[in-house]
Amino acid sequence: MTFLRRTIPLAICFVLGITIAFQYYVPNQHSSAFLELMTRWDKIIAGFAVFIGAYSLFHLHFSRIKFKAAGWGYSIFVFIGAGIMLFFGFYNEGEGLLADKQEGSMFDWLYIYVQVPAGATIFSILAFFMASAAYRTFRARTVESALLLVAAIIVMLGRVPLGALISPYLPLAADWIMSVPNLAAKRGILLGVSLGAIATSIKIIFGIERQYLGGGD
Amino acid sequence: MRLIVSLLCVFITVVFHGTGAMAQYLEQEFTESTLPEELRAFDVPDDAGGSIGLSWKASPADSPDVSYIVYVSTSENGPWQEAARITSTTGYKSDAPQYFGFRKKQRNHHFVEIQLQKILPGSNVEKPYYFKLAVVKGDSVKEFDEVVSARAKGNWFNMSKLNNLIIMVVFSALVLYFISHARRHPGMFLRKISGLEAVDEALGRATEMGRPVLFVHGLTPIGSISTLAAINILSRIATRVAEYDTVLKVVNNDPIVMTVSQEVVKESYLEAGRPDAYNQDNVVMVASEQFPYVVAVAGIMTREKTAANFFIGFFYAESLLLAETGATTGAIQVAATDSYTQLPFFITTCDYTLMGEELYAASAYLSREPMLLGSLRAQDIGKAVVIGAIFFGTILSSSGINFITQLFTGF
Amino acid sequence: MLDKFVNIDRRIIFVLVAIAVIVSLLLTFRLPIPPTPPVLSIYNTIEDLPPDSHVLIAFDYDPAAMEELQPMAVALLHHLYSKDLKVIGLTLWPGGTGLAEQALVTLAGEYNKKSGEDFVFLGYKPGVASLIINMGENLHTAFPTDFYGNDTQTLPALRGVHSLKDIDYVIDLAAGASAETWIAFGKEKYKFDMAVGCTAVIGPDLYPFLDSRQINGLMAGLKGAAEYEVLVGFQANAVEGMRPQSVTHALVVVFIIFSNAVFFASGGWRTTRKRLGGAGR
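Given the structure is predicted, the values throughout are model-derived calculations rather than measurements. (Residues numbered from 1 in each chain as written. Chains lettered and ligands numbered in written order. Predicted model: local features only at pLDDT ≥ 70, side-chain atom pairs only at ≥ 80, totals over all residues.)

Peer 1: Would you explain the overall build of chain B in this entry?
Peer 2: When you go through chain B residue by residue, the secondary structure sums to 13 helices and 14 strands. Computed over C-alpha atoms, the radius of gyration of chain B comes to 33 Å, more than 25% over the 22 Å expected from 2.2 N^0.38 for 411 residues, which places it beyond the range of a compact globule. Expressed along its principal axes, the backbone C-alpha trace of chain B runs to roughly 105 × 65 × 50 Å. Across the 411 residues of chain B, 41% fall into the buried class. Of the contacts formed within chain B by residues at least 6 apart in sequence, a portion of 67% connects residues at least 24 apart. (Helix = DSSP H or I, 4+ residues; strand = E, 2+ residues; numbered from the N terminus. Rg over C-alpha atoms; globule rule 2.2 N^0.38 Å. Buried ≥ 20, exposed ≤ 12 C-beta atoms within 10 Å, placed from the backbone. Contact = placed C-beta atoms within 7 Å.)

Peer 1: Looking at this structure, how should I read unusual backbone geometry?
Peer 2: Leaving glycine out, the prevailing phi sign among residues is negative, and the prevailing peptide bond configuration is trans. Despite not being glycine, A:K68 has its phi angle at roughly 50°, a positive value. Within the secondary structure, A:K68 sits in the loop between α2 (29-66) and α3 (72-91). Despite not being glycine, C:K191 shows a phi value in the positive range, around 55°. One can find C:K191 in the loop between α8 (178-190) and β5 (194-198). Judged by C-beta crowding, with 13 C-beta atoms within 10 Å, C:K191 ranks as partly exposed.

Peer 1: Can you help me understand the sheet that holds strand β1 (residues 54-60) of chain C in this one?
Peer 2: Strand pairs in the sheet, formed through backbone hydrogen bonds, run parallel or antiparallel to each other. All names here are of chain C. The six strands lie next to each other as β3-β2-β1-β4-β5-β6, forming an open sheet whose pairing is parallel. Each having just a single partner strand, β3 (119-124) and β6 (218-220) make up the two edges of the open sheet. Looking at each pair of strands side by side, their axes are set apart by 15° on average, direction ignored. Contacts from helix α5 (residues 97-110) reach β1, β2 (86-91) and β3, with the element oriented near 170° to β3. Set on the sheet, α8 makes contact with β1, β4 (169-174) and β5; between it and β4 the angle comes to about 150°. (Pairing = 2+ DSSP bridges. Axes fitted to C-alpha atoms, helices over the stretch in contact; angles between N-to-C directions.)

Peer 1: For this particular structure, what's the right way to read the interface of chain A and chain B?
Peer 2: The parts lose accessible area when they come together, and the size of an interface is often stated as this lost area. Counting from both sides, the interface comprises 49 residues of chain A and, opposite them, 65 residues of chain B. Broken down by secondary-structure element, the contributors of at least two residues to the side of chain A that touches chain B are α2, α4 (106-137) and α8 (181-205) of chain A. The biggest single contributor to the side of chain A that touches chain B is α8(A), with 16 residues. Its residues placed into classes, the side of chain A that touches chain B shows 29 nonpolar, 17 polar and three charged. (Nonpolar A, V, L, I, M, F, W, Y, C, P; charged D, E, K, R; others polar.)

Peer 1: For this particular structure, what's the right way to read the interface of chain C and chain B?
Peer 2: Taken together, the contact pairs 20 residues of chain C with 21 residues of chain B. Partitioned by chemical class, the residues of the side of chain C that touches chain B number seven nonpolar, six polar and seven charged.

Peer 1: It is not clear to me how the packing of α3(A) against α4(A) should be interpreted in this structure. Could you clarify?
Peer 2: Each pair of packed helices can be summarised by the angle the axes make with each other and by the distance between the axes. Residues and elements named next belong to chain A. Direction vectors running N to C along α3 and α4 enclose 140°, while the axes themselves pass 8 Å from each other. Regarding the angle of α3 to α4, the classification is oblique. On α4, the residues that touch I84, M85, F88 and G89 of α3 are M106, F107 and L110. Looking at the contact of α3 with α4 residue by residue, the classes come out as six nonpolar, one polar and no charged. (Parallel < 35°, antiparallel > 145°, perpendicular 65-115°, else oblique.)

Peer 1: Any chance you could explain the sheet that holds strand β13 (residues 332-337) of chain B here in plain terms?
Peer 2: Residue and element names in this part refer to chain B. With respect to topology, six strands assemble into an open sheet ordered β11-β10-β9-β12-β13-β14, the strand pairing being parallel. For this open sheet the edge positions go to β11 (283-285) and β14 (352-355), each flanked by a neighbour on one side alone. The sheet shows a mean angle of 15° between the axes of neighbouring strands, direction not considered. Relative to strand β10 (residues 248-252), strand β9 (residues 213-217) is paired through four bridges, and the arrangement is parallel. From the neighbouring strand, L214 faces β10, where its bridge partner is K249. Docked against the sheet, helix α5 (residues 194-209) engages β9, β12 (308-312), β13 and β14, running at close to 145° with respect to β13. On the sheet, helix α9 (residues 318-329) packs against β9, β12 and β13 and is oriented at approximately 165° with respect to β13.

Peer 1: Even after reading the chapter, I still don't get the nonpolar core, so can you show me in this structure?
Peer 2: Across soluble globular proteins, nonpolar side chains show a tendency to be buried alongside one another. One finds B:F215, B:L234, B:V297, C:I57, C:A73, C:L77 and C:L173 to be the most contacted residues of the largest nonpolar core, which totals 215 residues. Per-element tally for this core: the top contributor is α4(A), with 13 residues. Sequence-distant contacts of B:L234, defined by excluding residues within four places in its chain, comprise B:F215, B:V250, B:S261, B:V264 and B:V265. (Core = buried A, V, L, I, M, F, W, Y, C linked by C-beta atoms within 7 Å.)

Peer 1: Explanation requested: the confidence of the model for chain C in the structure shown.
Peer 2: Note that predicted coordinates carrying low pLDDT should not be read in detail. Counting all residues, the mean pLDDT for chain C is 86, and 95% of those residues have values of 70 or more. Across residues 272-281 of chain C the pLDDT falls below 50, and counting only partners more than four positions away or on other chains, this stretch makes 20 contacts in the model. (pLDDT = per-residue confidence, 0-100.)

Peer 1: Which parts of the structure should I look at to understand α5(B)?
Peer 2: Helical periodicity: at 3.6 residues per turn, an α-helix aligns residues three or four positions apart in one direction. All names here are of chain B. In a regular helix each residue adds 1.5 Å, so 16 residues correspond to 22 Å; α5 covers 22 Å between its end C-alpha atoms and thus fits that length. At D200, α5 shows its largest kink, close to 25°. Elements in contact with the buried residues of α5: β9, α6 (225-244), β12, β13, β14 and α11 (358-367). Note on α5: the residue one or two positions beyond its end, G210, has a positive phi of about 70°. (Expected span 1.5 Å × (residues − 1). Bend = angle between axes of the 7 residues up to and from the residue.)

Peer 1: Is there a simple way to explain the pairing of β12(B) in this structure?
Peer 2: On a regular strand, one side chain projects to one face of the sheet and the next to the other, so that they alternate. All names here are of chain B. The buried fraction of β12 is high, at five of five residues. Both faces of β12 are covered, namely the face carrying A308, F310 and I312 and the face carrying N309 and F311. In the sheet, β9 pairs with β12 via five bridges, with the strands oriented parallel. Within β12, the residue paired with L214 across the bridge is N309. Examined bridge by bridge, β12 and β13 share five bridges and lie parallel to one another. Looking at β13, one finds that A308 is bridged to I332.

Here it is, written out as structure tokens:
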């Protein structure tokens, strides 16, 4: 069992990790064909994984309804929503599942007038949360936080047309903050992140870090 | 006054005569042009095949109103088809340092890369192809008789990526060396990471309050290093949760991440000697898209009043929505992300935030396994090398010496 | 008394933000929207492309981000169609299919452009990075058919396009990590010119790529879209959105100044807090 659950996956990870890393340096068409094959497999696995995800989602909400967990009523809407979308998707304006997708179908209507506004609504909540978080946490407690606060005000005003109305220098100052001190700090973090990511990849390829397979050894 | 008029006359004569002479010279150059010197066709190096390069010596008659046309054919005698057209003051070998290096003299030769599939779709790129040049000035076109040919072939190594390969091999060797060194010499110093010191505090609090612990994955799929790092941390947290005998809920938006997380948590419970406490329904994919995911996770936080929330992985705009909701429920919150745009949001709303590479170090930190800690030393050395290269590169580049800049140029 | 203002109920802030947004949507006033260099660069690149050049737009967003990114897509398509360029559309996000098709087809109608001849919509395929690599090697094996089931080998709009290397300009409209993925696995590997349009929240993420010239243009958020609308002379949703956005930014600045004034007046600065983010709980 250990052979199947540990040795084989680690061997696959090592062989493919090394091969794909070196493939980057081999431009030959055989190398491209190999990469294309690998990516096709990846897409097939990703496609099938959708079924696992759907099963998990439905199983979770079915259990919530079955055991009357807190807020179980909301779980009913998961089934109603999924059922309606599946029905109109399969119905396809009477053309059925095998025909090409029809234009202006009920499926499109649900997408444009239900999913689109619902998604945009959740995204718009971000503006409210940002205002609230800014009010509570942007306090000039130290010299550093005071500097941060001034920079934030300049950037906030400089990034909207109102800033240019207040002073033509505000957008320029905002751009300078974004492209000089901000960029310098981000690059520092990015370099550290990249080195960390490479080191982690090497540990995974060589089987030194194997927590993702489950278990500690 | 007479002097001024005389000078003006001399000036006008010189200018008009000069312009006429120049026009005559260009006309002569153009109509009596000799063959473009050193015309050569060759397989473009470092590619998968399918491209042929053409080079020829730049002419003194090159000017912005003179253009070159490259014609291509599958036969030496034509028919010819236009493959490329460049202004004669552009398209030099120096514009393609990936093939010809950074030497200044490369500006003495023109270079054009012809992608055969783009010019002749569906053609057999392995056959020899024939090329000839023409010069255009205004409406006049002068075609040259010299025909050159080349055959495109795929290469087995991309020499322009040699610098990248050397850096990769050296850094990988450093990581492996320090891992092996750490195994022989355990007890490596590691600075304190408050966020990870707080993991036990958060779990203890959840146990005392009898409320669940929530582990929230970022949005990236399993192929992302951030997600793998998050899974490594999940494994450590799950083992401790099992020991504390409290409930761990894991949410994510990707079915493969969910499957791997289920396996990891199950194994961790088994390792802690509590396989009975594992419940598969606690490790779930709640939604596949970003904002439905936010709503589902926020719902879990508010309904189940989670005592500790861990936001680990790569996050986007959902970071503030999740962490702010968690803050309202009074949960102790720890975030770890390499998504630096979201760091300000986590810092303002979470109790502890692991920034950037600390995400990758967390698994090693929590386990204290020498083998995992060793790579951190290699990262430090890598950073020192990068800092040195940036420092000296900036000084040298400012003095007009671009050696280090060219050494690190990626193609 | 002052403590009440220091730890103000967040719902009051929410109501004030909502009022500011609604009022600024109802009132009409014009604000100057000068184009910034990163946006101008995208416009100029497209202007310099000869007719029939191929431009690929990746609609990598879903309805949640449409308020910021759909105006960008529409303004870009106005520009591309009016310049008689061949447009190739696709999405790496399953939720983006409807939005991408809507933008491509609606605008095509205005300019009398035909699907398959002047533009092609390839639809959605899973895989993200692996799909980009697949397209970099061979676009026709990555997408054997377009969204409507036509063979991509036979489409006139794709004549001369074998892989990503043959695309003249790629523009990724990104609500997530797709821009970095396009840069790492597409632009760096297959060498094409590229620009990004993104939501405001990930805009700062992409500045390093602009500075390193890995992308030659950047439109960030609704402001970026508004600038492009002004450039192409088609002022619509993004320009309209500048009013509430400006007012909300100003309101947040007022909140910050007010909260600091109250904080200092209440003597809160004397008691240094140990934990950030604890206020308001």
